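# Fold and contact review
These are the residues of each chain, in order.
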Amino acid sequence: MEQQKNLHASIPAALLTEAEQAASAVHVSVDEWVRDAMQRRLREERRQRIYAYGEQQAKKLGIKEEDVERIIHEFRQENQQSNERGR
């Protein structure tokens, strides 16, 4: 099991009350609820960074949103043909 560390955080009373109610509604402890919220936030931030990177790369390469499906289709066809030749 991963090592656990305690966290002391000051949050507004109303926010804590809301978190307690939300945790209770789904039958988990506040600790579990907060851990889940933190994990979700971190995943979302990672997703946003990846998306921003993709946008930057597309801009550098001159790829527009309407080009994406065609490019994916072409890539998959090339990959499939390459795999068939390697058999």
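To start, this report covers the structure provided alongside it. Here the structure is a predicted model, which is why all the values come from computation and not from measurement.

There is a patch of nonpolar side chains on the surface, built from Leu-7, Val-34 and Met-38 and spanning about 290 Å² of accessible area. Take Leu-7: it is sitting in the segment before helix 1 (13-25). Residue Leu-7 is classed as exposed on the basis of its relative accessible area, which comes to 65%.

The subject of this paragraph is the pattern of salt bridges. What the rule picks out here adds up to five salt bridges. Ionic pairing is found between Glu-45 and Arg-41, a salt bridge with its closest N-O pair at 2.7 Å. Of this pair, Glu-45 and Arg-41 are both found in helix 2 (residues 30-61), four residues apart, which corresponds to roughly one turn of the helix. Looking at Glu-45, the relative accessible area reads 30%, which means it is partly exposed. Accessibility expressed as a relative area gives 55% for Arg-41, which makes it exposed. With a shortest N-O distance of 3.2 Å, Arg-70 and Glu-74 are connected by a salt bridge. With Arg-70 and Glu-74 both in helix 3 (residues 68-85) and four residues apart, this pair spans about one turn of that helix. Looking at Glu-74, the relative accessible area reads 33%, which means it is partly exposed. Look at the salt bridges and you will find they share partners, linking Asp-67, Arg-70 and Glu-74 into a network.

Each pocket or cavity is described by its volume, and for the largest pocket that value is around 820 Å³. In terms of lining residues, the largest pocket is bounded by 21 residues, among which Leu-7, Asp-31, Val-34, Arg-35 and Met-38 are the most central. Looking at the lining of the largest pocket, the elements with two or more residues in it are helix 1 and helix 2. In terms of residue count, the dominant contributor to the lining of the largest pocket is helix 2 (nine residues). Looking at side-chain class alone, the lining of the largest pocket contains twelve nonpolar, five polar and four charged residues. Each pocket or cavity is described by its volume, and for the second largest pocket that value is around 350 Å³. Along the walls of the second largest pocket sit 13 residues, with Gly-54, Ala-58, Ile-63, Glu-65 and Val-68 positioned nearest its centre. Put simply, the parts of the chain that give the lining of the second largest pocket at least two residues each are helix 2 and helix 3. Of all the elements, helix 2 adds the most residues to the lining of the second largest pocket, at seven residues. Looking at side-chain class alone, the lining of the second largest pocket contains seven nonpolar, two polar and four charged residues.

Calculation notes
- Residues numbered from 1 in each chain as written.
- Predicted model: local features only at pLDDT ≥ 70, side-chain atom pairs only at ≥ 80, totals over all residues.
- Heavy atoms only, no water.
- Patch = residues over 30% accessible without salt bridge, like charges linked within 9 Å, V, L, I, M, F, W, Y side chains within 5 Å.
- Areas by Shrake-Rupley, 256 points an atom, 1.4 Å probe, with all protein chains shown as cover.
- Salt bridge = Lys/Arg side-chain N within 4 Å of Asp/Glu carboxyl O.
- Helix = DSSP H or I, 4+ residues; strand = E, 2+ residues; numbered from the N terminus.
- Buried < 20%, exposed > 50% of the residue type's maximum accessible area, 1.4 Å probe, protein only.
- 1 Å grid on protein atoms, 1.4 Å probe; cavity = no way out; pocket = protein on both sides within 12 Å on 5 of 7 lines; lining within 4 Å.
- Points joined across faces, edges and corners; volume = space filled by probe spheres on them.
- Nonpolar A, V, L, I, M, F, W, Y, C, P; charged D, E, K, R; others polar.

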